[in-house]
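As a plain string of letters, each chain reads:
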Amino acid sequence: MWSGQPHPDEGHPPPLEAVPVPWKSVGPCRSYRESPGGLAESPGGEEAQGEEGPAAAQLDVLRLRSSSMEIREKGSEFLKDELHKAQKELKLKDEECERLSKVREQLERELEELTASLFEEAHKMVREANMKQAASEKQLKEARGKIDMLQAEVTALKTLVLTSTPASPNRELHPQLLSPSKAGPRKGHLRHKSTSSTLCPAVCPTAGHTLTPDKEGKEVDTTLFAEFQAWRESPTLDKTCPFLERVYREDVGPCLDFTMQELSALVRAAVEDNTLTIEPVAAQTPPTVKVATVECGSTKTCALSGLARACRHRIRLGDSESHYYISPSSRARITAVCNFFTYIRYIQQGLVRQEAEPMFWEITRLRKEMSLAKLGFFPQEA
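Residues numbered from 1 in each chain as written. Predicted model: local features only at pLDDT ≥ 70, side-chain atom pairs only at ≥ 80, totals over all residues. Heavy atoms only, no water.

**Quick notes on the packing of helix α6 (residues 261-273) against helix α7 (residues 328-348)**
Thought 1: Running from N to C, α6 and α7 cross one another at 25°; their axes reach a closest spacing of 9 Å. For the element pair α6 / α7, the angle class is roughly parallel. Between α6 and α7 the crossing geometry is right-handed. The residues of α7 that touch α6, namely those facing V267, V271, E272 and D273, are I334, V337, C338, F341 and R345.
Thought 2: Tallied by class, residues from the contact of α6 with α7 come to six nonpolar, no polar and three charged. (Axes fitted to C-alpha atoms, helices over the stretch in contact; angles between N-to-C directions. Helix = DSSP H or I, 4+ residues; strand = E, 2+ residues; numbered from the N terminus. Parallel < 35°, antiparallel > 145°, perpendicular 65-115°, else oblique. Left-handed = near helix turned anticlockwise from the far one by under 90°. Contact = heavy atoms within 4.5 Å. Nonpolar A, V, L, I, M, F, W, Y, C, P; charged D, E, K, R; others polar.)

In structure tokens, the structure reads:
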């Protein structure tokens, strides 16, 4: 390092590399060397220094140029590196922008598809709702029509029940009660369900005329009437209640107790379930009609009593295809029980609107018919 003092051996300044000051600092150095405190120099040394000054200055310029070029090269390399880094970063930013642009396009496309699907689903739901509403309105109209029809049928049935009871059937409402000459010819087989009250005999077979209540002496049995009133408060077909238990024990059981016990039990169950069918027997079967049902017994033997009788009717139990021929006496006993069950079903369904006493006397009359049929009294068929 240069300490500011020249070496005693040399007469020129140190090399340029060791001088950190610019070219203009040479002057002060020379004046420093010429300062009074400096070393004495001979005149010959000043001449040598004057000769070497331009060369040293030229050397310093060259060195400055070389260092400037090195600085430029280093600065250029540094700038190139920075530019390269900036280009890389810009490229990465472009790629990121392109990726985000693709993501945005994909999201927009998915959003459009989702919006379209939502609108389509909404239209579909609205269309289904309109269809369901139309169907519901149609069903409502049909239901109202059915309700009106059922109300009309109930009204007609109530009128039928109130104007035609087993005690006094309305023959205009029941054409089958008319005599064959008044009713006219009938084709085919006439079938009567067990619920029909038309089979009840309206004429007393012993006297040959109708028994009018005005000419009969009647007295209400308080025990029977109390049992009937208790049953009327909550009508039921349960045979364990006191009222029906008495009727079963005193009337229904004996009336349906035939010689053929097994078939009698089946008939009793069918009457209770309202599945018994009574059909008249045809005089002869047309040759073109094939009878597919099973005929049990014959027209000369009653299937219930086992006695030889002229059987003009046959019965069918439920959905069975088997038929059983019965005599007029057996038919009268069955129809008497069926009429009783028909009337108490009417009461249970609320179709009979009368006071308790008339209803009681009607039930008593039906019990009387069961007793007469059980004893063998039955109306003669027309």
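**A closer look at the pairing of strand β4 (residues 313-317)**
Thought 1: Along β4, five of the five residues are buried, which leaves the element largely enclosed by surrounding structure.
Thought 2: Bridge count for strand β2 (residues 276-280) against β4 is five bridges, and the pairing is antiparallel. When the bridges of β4 are listed, T277 appears paired with R316.
Thought 3: Of the strand pairs in this sheet, β4 and strand β5 (residues 322-326) are connected by three bridges, and their pairing is antiparallel. Within β5, the position partnered with R314 by the bridge is Y325. (Buried < 20%, exposed > 50% of the residue type's maximum accessible area, 1.4 Å probe, protein only. Pairing = 2+ DSSP bridges.)

**Details of helix α4 (residues 222-233)**
Thought 1: End to end, α4 covers 16 Å across 12 residues, agreeing with the expected 16 Å (1.5 Å per residue, within 8%).
Thought 2: Residues of α4 that are buried: F225, E227, F228 and W231. Viewed end-on, α4 has its buried residues packed into an arc of 160°, placing them on one side of the element. The exposed residues of α4 that point more than 90 degrees off its buried face are T222, A230 and E233.
Thought 3: Looking at the buried residues of α4, the elements they touch are α5 (242-255), α7 and α8 (356-374).
Thought 4: A side-chain oxygen of the first residue of α4 lies 3.0 Å from the backbone nitrogen of T223; this N-cap is D221. (Expected span 1.5 Å × (residues − 1). Arc of directions from axis to C-beta. Polar contact = N/O pair within 3.5 Å; in protein donor to acceptor, adjacent residues only side chain to side chain.)

**Looking at a negative patch on the surface**
Thought 1: A cluster of acidic side chains, namely E70, E73, E77, D81, E82 and E89, defines a negative patch on the protein surface.
Thought 2: Here E70 shows up in helix α2 (residues 43-163).
Thought 3: Judged by relative accessible area, E70 falls into the partly exposed class, the value being 46%. (Patch = residues over 30% accessible without salt bridge, like charges linked within 9 Å, V, L, I, M, F, W, Y side chains within 5 Å. Areas by Shrake-Rupley, 256 points an atom, 1.4 Å probe, with all protein chains shown as cover. Salt bridge = Lys/Arg side-chain N within 4 Å of Asp/Glu carboxyl O. Lys, Arg positive; Asp, Glu negative; His and termini not counted. Charge placed at Lys NZ, Arg CZ, Asp CG, Glu CD.)

**Some points on the pattern of salt bridges**
Thought 1: Here the structure, examined in full by the defined rule, presents 13 salt bridges.
Thought 2: Of the charged contacts in the structure, one is a salt bridge between E250 and R249, with a shortest N-O distance of 3.7 Å.
Thought 3: Classification of E250 as partly exposed rests on a relative accessible area of 32%.
Thought 4: Taking relative accessible area as the criterion, R249 reaches 47% and is therefore assigned partly exposed.
Thought 5: Beyond isolated ion pairs, a larger network of salt bridges with shared partners links E227, E245, R246, R249, E250, D251 and R367.

**Quick word on the side chain of S305**
Thought 1: Within the secondary structure, S305 is located in the loop between β3 (294-296) and β4.
Thought 2: Contacts of S305, omitting those with residues within four sequence positions, involve T259 and S330.

**Looking at the packing of α4 against α5**
Thought 1: Close contact between α4 and α5 brings their axes to 8 Å; oriented N to C, the two are set at 125°. On the basis of the axis angle, α4 is oblique to α5. Together, T223, L224, E227, F228 and W231 of α4 and P242, F243, L244 and R246 of α5 make up the contact between the two elements.
Thought 2: Looking at side-chain class alone, the contact of α4 with α5 contains six nonpolar, one polar and two charged residues.

**Description of the nonpolar core**
Thought 1: Of all hydrophobic cores here, the largest spans 47 residues; its most connected members are V252, I334 and F340.
Thought 2: Of all the elements in the fold, those that place two or more residues in this core are α4, α5, α6, β2, β4, β5, α7 and α8.
Thought 3: The biggest single contributor to this core is α7, with 10 residues.
Thought 4: Beyond its immediate sequence surroundings of up to four residues, I334 is in contact with L256, F258, V267, V271, L276, I278, L304 and I326. (Core = buried A, V, L, I, M, F, W, Y, C linked by side-chain atoms within 4.5 Å.)

**Quick notes on α6**
Thought 1: Between its first and last C-alpha atoms α6 spans 18 Å; for 13 residues at 1.5 Å apiece the expected length is 18 Å, and the two agree.
Thought 2: Those residues of α6 lying buried are L263, S264, V267, A270 and V271. Buried residues of α6, seen end-on, are gathered within an arc of 125° and therefore sit on one face of the element. Away from its buried face by more than 90 degrees, α6 exposes Q261, E262 and D273.
Thought 3: The inward-facing, buried residues of α6 contact β2, β4, β5 and α7.

**So, the packing of aromatic side chains**
Thought 1: By the definition in use, this model includes eight aromatic pairs.
Thought 2: Geometrically, the ring pair formed by F228 and F360 is tilted, given 5.9 Å between the ring centres and 50° between the ring planes. Placement of F228 in helix α4 and of F360 in helix α8 is noted, with a sequence separation of 132 residues between them. Each member of the pair, F228 as well as F360, is classed as buried.
Thought 3: Plain terms: the ring middles of F360 and W361 are 5.7 Å apart, the flat faces sit at 65° to each other, and that makes the pair edge-to-face. The pair formed by F360 and W361 is uniform in burial state, with each residue classed as buried.
Thought 4: Among the aromatic residues, those joined into a ring-pair cluster are F225, F228, W231, F243, F360 and W361.
Thought 5: In this structure, K218 is placed above the aromatic ring of W361, and the distance from its NZ or CZ to the ring centre is 4.7 Å. (Phe/Tyr/Trp six-rings, centres within 6.5 Å; stacked < 30°, edge-to-face > 60°. Lys NZ or Arg CZ within 6 Å of the ring centre and 35° of its normal.)

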